[in-house]
Each structure stands twice: as C-alpha cells, then as structure tokens.
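Understanding the architecture of this molecule
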Amino acid sequence: MSNIIVDEWENLTDSEIKALVKKEMAELYGDSVANDVVDEEDKKRVDAEVVEILKTAEFNLDTALDTFDPTFPGYTPSADAFEFYNLMRLVNGEDFEFNTPIAHYFMADLLLGYINDVNQFPYSPEVCATISLDSLRLGFMCSRGLAKSTVVISFFSVYSAIKGELPNGIGKVWFYLVLAASSRGGARVNALAVRAMCEDSVFLNEYFEEMRFTEMESEFIRKGKQSRKNRGFLIRYQGINTGVRGSRYGERRICCIIFDDAILNTAAAYSKVMSETLDEIIHSDSTNALKGGGMGRVILCFTPFHYGDVNTKALLNGAFTQCVIPMAKMFDADKENLTARDVESSW
C-alpha cells in the first residue's frame, strides 16, 4: 500500500468558500467583478469588437453548433481511449454511474494525440475544413454538466501520473499546472476533486509508492527502481493571478498548462483588464513557462460567455484546436411535457 500524505485542510462550507472567492476577486479586480456587475462601457466596447472578430473568424462557431452530430460518425475510439476510461474505472473501484458517451472518448483521444484528421470532428465537412488541428493547443468548449473538468483535469491528470509518458510523440510528462479563475475557489475545488478520487482508491494505493495531497498540489510517486525524480508526477492548482513563469517541479518545467473555466463570471468576461491579463497568460506567459523541446501543451477547458471572451476568441481565430461540444444537438424548449427521450444528447 502506498504512503498517503494529506495536509490538514480547513473544512469550509460552500458559503465560506464563496465569501473567500468574493474577497479575493474584490482585492484583485474590484467590487464590480466580485459582485458580477458588468460595466456598460466595457460591454459596448466588446460588442463593437465582436463585430470585427466575427468578420475575420477562421472558425464558424454557429455553423459548428448547427451541424454538430452527437454520434461522431467520422470517429472511432482508439485502444488507448478505452484503456483511459478502464483505468479510471479501476481508480473509481467500480463502473461509472452512466455509460461513457462517445464525446468523452473523443476528448480522451484529443488529449492523447490520436485525432489527426479534421474529418473525425462531429461537424459538417465545411466546418471541419476550417479546424486548426494542433495536439499541443487544445480548446474544449463544452456546456455545463458535460463533465469536462472531470475528464480533462481529474481523469487526464491522474492517467498521466499513472503512465508517466503519453503516446504520439507527446512524450514523458511530470508536471501539470491547472489554472482557475480563483485560487480560493476553482483551484481549490480541482484539488479537492482529485484528492477525493484518489485518496481511498485501492488501485492507486497499490500502484503508487506515495501520494500527497494539499490545497495546492497533488503528487504521485510511482513504484520502481528509478530515481524518485523520474517516478514523480505533480499537479499544481493556482488562480490565474498567481502567474505561471518560473513554475518548477524540482528543476523541471511544466509539461502542460490547463485553464479550467479561467473566466470567473460575466463581469470578468467583459472586463478589459481581466481579458488582457488572461490573454497574455494564455498566449505569451504559458508558452514561455513550458518545458523545452517544443512539446509543451496548453489546454483551454471552458463554457463560453460571449464571442469576444478570451477563450472563445482563441477558438474563433484558430489559435487552439476547436473541440466544441454542446449538451445536445437540439430540442424544443417550448414543448409541453418535455422528457429526456425528446433530447438528442451528447451524453
């Protein structure tokens, strides 16, 4: 059995966490953002910018959504994608509550570098032809409730810790940095989620020599005869305000930076200061913080606010691979007695 080291964490209630997040945001960005009050001048500025963004967009988001096919007809999961979820079942100690949807297999194969043909995406051929496919720059735009953070952060990070090396030239991995809108909110929630998934896992306790969990880090040490450094894997959780440059695991630089819903609320999505800060972190600071060799990765995981928010814009202009998955293809929201059978769901 592995030696689990767990720091003493405060047992905060949801209301206490929200109060801390609100205080943090007020200190950093002012009361308007903390209270989700949209500045009307910012909104007018963004509305004008959106007109120009849509004129020059390489990727048509509306057409992608209109032509989305939740059956993913051009895609067949890889053997590693099946292994990915089977390993997570072992970690969980039992089968999942729901069957794994094809959308989740597709997300896993994107993360593992197996999607190498734009026609594997679930959109019309016209939309697929405009996709910027780059396994090192992935953008997951998903509806709330699609378990995107579970797949991209909890599952993918723990899978990487187990394997220590990813296929398709991605190579050895040892350090992931997960950035959320707030260090006291989203970052802490991610840390708690990984801890809850791993701490009592019989499979992981037998697989790892040691696991360590704090409010800022999850560390996994694989069993073996190699040096501890070469058996270790670290996930660090931070707020976007803490910066990424200079982050190290020992002397090693970051292999992958994952932005998880890094825009706090609607006011933040329209804020000029916050948008410029996040834009610089995503497109400049992150690149400079990654490991050498040109194989460091940046992943956006988000639900959109508007066409001009930093995450959405990164997909529209082709800076990141466009993986857009709505909760359902379509349904009649006005239909009386609407049931689940009336919804062609991605889940």
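Attention here is on the structure that accompanies the text. Predicted model only: the values in this text are computed from it and were never measured. Just so you know, the residues in each chain are numbered from 1, in the order the chain's sequence is written. Given that the model is predicted, a residue must reach a pLDDT of at least 70 before its local features are reported, and side-chain atom pairs must reach 80 or more before they are shown or counted; all residues, however, enter totals for whole chains, interfaces and linings. Heavy atoms throughout the structure, all of them, feed into the side-chain values; hydrogens and water do not.

1. Notes on the packing of aromatic side chains
This is how it is decided: Ring geometry is summarised as follows: Phe, Tyr and Trp rings, the Trp one being its six-membered ring, pair when their centres sit within 6.5 Å, and such pairs are stacked at plane angles under 30 degrees, edge-to-face over 60 and tilted between the two. For the purposes of this entry, the term helix denotes a DSSP run of H or I that reaches at least four residues, the term strand denotes a run of E that reaches at least two, and both are numbered from the N terminus. Remark: exposure states derive from per-residue accessible area (1.4 Å probe, protein chains only) relative to the maximum for the residue type, with buried under 20%, exposed over 50%, and partly exposed in between. Should the NZ of a Lys or the CZ of an Arg lie within 6 Å of a ring centre and within 35 degrees of the ring normal, that charge is described as sitting over the ring.
Taken as a whole and assessed by the stated rule, the structure comprises 21 aromatic pairs. Geometrically, the ring pair formed by Phe 59 and Tyr 123 is edge-to-face, given 6.4 Å between the ring centres and 70° between the ring planes. One end of the pair, Phe 59, is in the loop between helix H3 (40-56) and helix H4 (61-67); the other, Tyr 123, is in the loop between helix H6 (102-111) and helix H7 (125-128), and 64 residues separate them in sequence. With a centroid separation of 5.1 Å and an interplanar angle of 75°, the aromatic rings of Tyr 85 and Tyr 105 are classed as edge-to-face. Residue Tyr 85 is located in helix H5 (residues 79-92), and its partner Tyr 105 is located in helix H6; the two are separated by 20 residues in the primary sequence. Note on accessibility: Tyr 85 and Tyr 105 belong to one class, buried. An aromatic cluster is defined as three or more aromatic residues linked by ring pairs; in this entry it consists of Phe 59, Phe 68, Phe 72, Tyr 75, Phe 106, Phe 121 and Tyr 123. Looking at Arg 252, its charged tip hangs above the ring of Trp 174, at a distance of 4.6 Å from the centre. Note that Lys 291 overlies the ring of Trp 174, its terminal NZ or CZ placed 5.0 Å from the centroid.

2. Focus: the packing of H5 against helix H8 (residues 148-163)
Helix-helix packing: each pair is described by the crossing angle between the helix axes and the interaxial distance. Operational definition: Only the stretch in contact is used when a helix axis is fitted, and all axes are lines through C-alpha atoms; the angle between N-to-C directions ranges over 0 to 180 degrees. Every angle not falling under 35 degrees, over 145, or within 65 to 115 is termed oblique; those three ranges are roughly parallel, roughly antiparallel and roughly perpendicular. Here a residue-residue contact requires only that any non-hydrogen atoms of the pair lie within 4.5 Å. Ten residue types, Ala, Val, Leu, Ile, Met, Phe, Trp, Tyr, Cys and Pro, are classed as nonpolar, four, Asp, Glu, Lys and Arg, as charged, and the remainder, Gly among them, as polar.
Direction vectors running N to C along H5 and H8 enclose 95°, while the axes themselves pass 10 Å from each other. As the angle between them shows, H5 and H8 are arranged roughly perpendicular. Each of Asp 80, Glu 83, Phe 84, Tyr 85, Leu 87, Met 88 and Val 91 in H5 lies in contact with H8, whose residues at this interface are Val 151, Phe 155, Phe 156, Val 158, Tyr 159, Ile 162 and Lys 163. Looking at the contact of H5 with H8, its residues break down into eleven nonpolar, no polar and three charged.

3. Considerations on the packing of H5 against H6
Remark: H5 packs on H6, axes separated minimally by 9 Å, with the N-to-C direction vectors making an angle of 105°. Classified by the interaxial angle, the pair formed by H5 and H6 is roughly perpendicular. Counting all contacts with H5, which are made through Ala 81, Phe 82, Phe 84, Tyr 85 and Arg 89, the residues of H6 involved are His 104, Tyr 105, Ala 108 and Asp 109. Its residues assigned to classes, the contact of H5 with H6 comprises six nonpolar, one polar and two charged.

4. Let's talk about helix H9 (residues 186-198)
Residues three or four positions apart in an α-helix share a direction because the helix packs 3.6 residues into each turn. Test applied: In this analysis, the expected span of each helix is defined as 1.5 Å times one less than the number of residues it contains.
Across its 13 residues, H9 extends 19 Å between first and last C-alpha, which sits within 8% of the 18 Å expected from 1.5 Å per residue. Among the residues of H9, those classed as buried are Ala 187, Arg 188, Asn 190, Ala 191, Val 194, Met 197 and Cys 198.

5. Brief notes about the nonpolar core
Our working definition: As used in this record, nonpolar core signifies buried Ala, Val, Leu, Ile, Met, Phe, Trp, Tyr and Cys residues forming a set joined through side-chain atoms within 4.5 Å.
Judged by nonpolar contacts, the single largest core of 100 residues is most densely connected at Met 88, Phe 140, Val 158, Phe 220 and Phe 259. When residues of this core are assigned to their parent elements, the largest contribution, nine residues, is made by H8. With residues up to four places along the chain from it excluded, the contact list for Val 158 reads Met 88, Val 91, Ile 153, Val 194, Met 197, Cys 198, Leu 204 and Phe 220.

6. Quick notes on the pairing of strand S5 (residues 175-180)
The following threshold applies: Any two strands with at least two DSSP-identified bridges between them are counted as paired.
Burial within S5 is extensive, with six of its six residues counted as buried. Judged by which residues are buried, S5 turns out to be covered on both faces: Phe 175, Leu 177 and Leu 179 on one side and Tyr 176, Val 178 and Ala 180 on the other are all buried. Looking at chain direction, S5 and strand S8 (residues 232-239) are connected through six bridges and run parallel. Its bridge partner being in S8, Leu 177 is matched across the sheet by Arg 236. With five bridges joining them, S5 and strand S9 (residues 256-260) adopt parallel strand pairing. Bridge assignment links Ala 180 to a residue of S9, and that residue is Asp 260.

7. With respect to H5
Helix length check: H5 (14 residues) gives 20 Å between terminal C-alpha atoms against 20 Å at 1.5 Å per residue, within 8%. All buried positions along H5 are accounted for by Ala 81, Phe 84, Tyr 85, Leu 87, Met 88, Arg 89 and Val 91.

8. Considerations on unusual backbone geometry
At Asp 36, a position not held by glycine, the phi torsion is positive, near 55°. Locating Asp 36 in the fold gives a position in the loop between helix H2 (31-34) and H3. On the basis of relative accessible area, Asp 36 is assigned to the partly exposed category, the value being 35%. The phi dihedral of Asp 261 is positive, around 45°, even though this residue is not glycine. By the element assignment, Asp 261 lies in the loop between S9 and helix H12 (266-270). Assessed through its relative accessible area of 22%, Asp 261 is described here as partly exposed.

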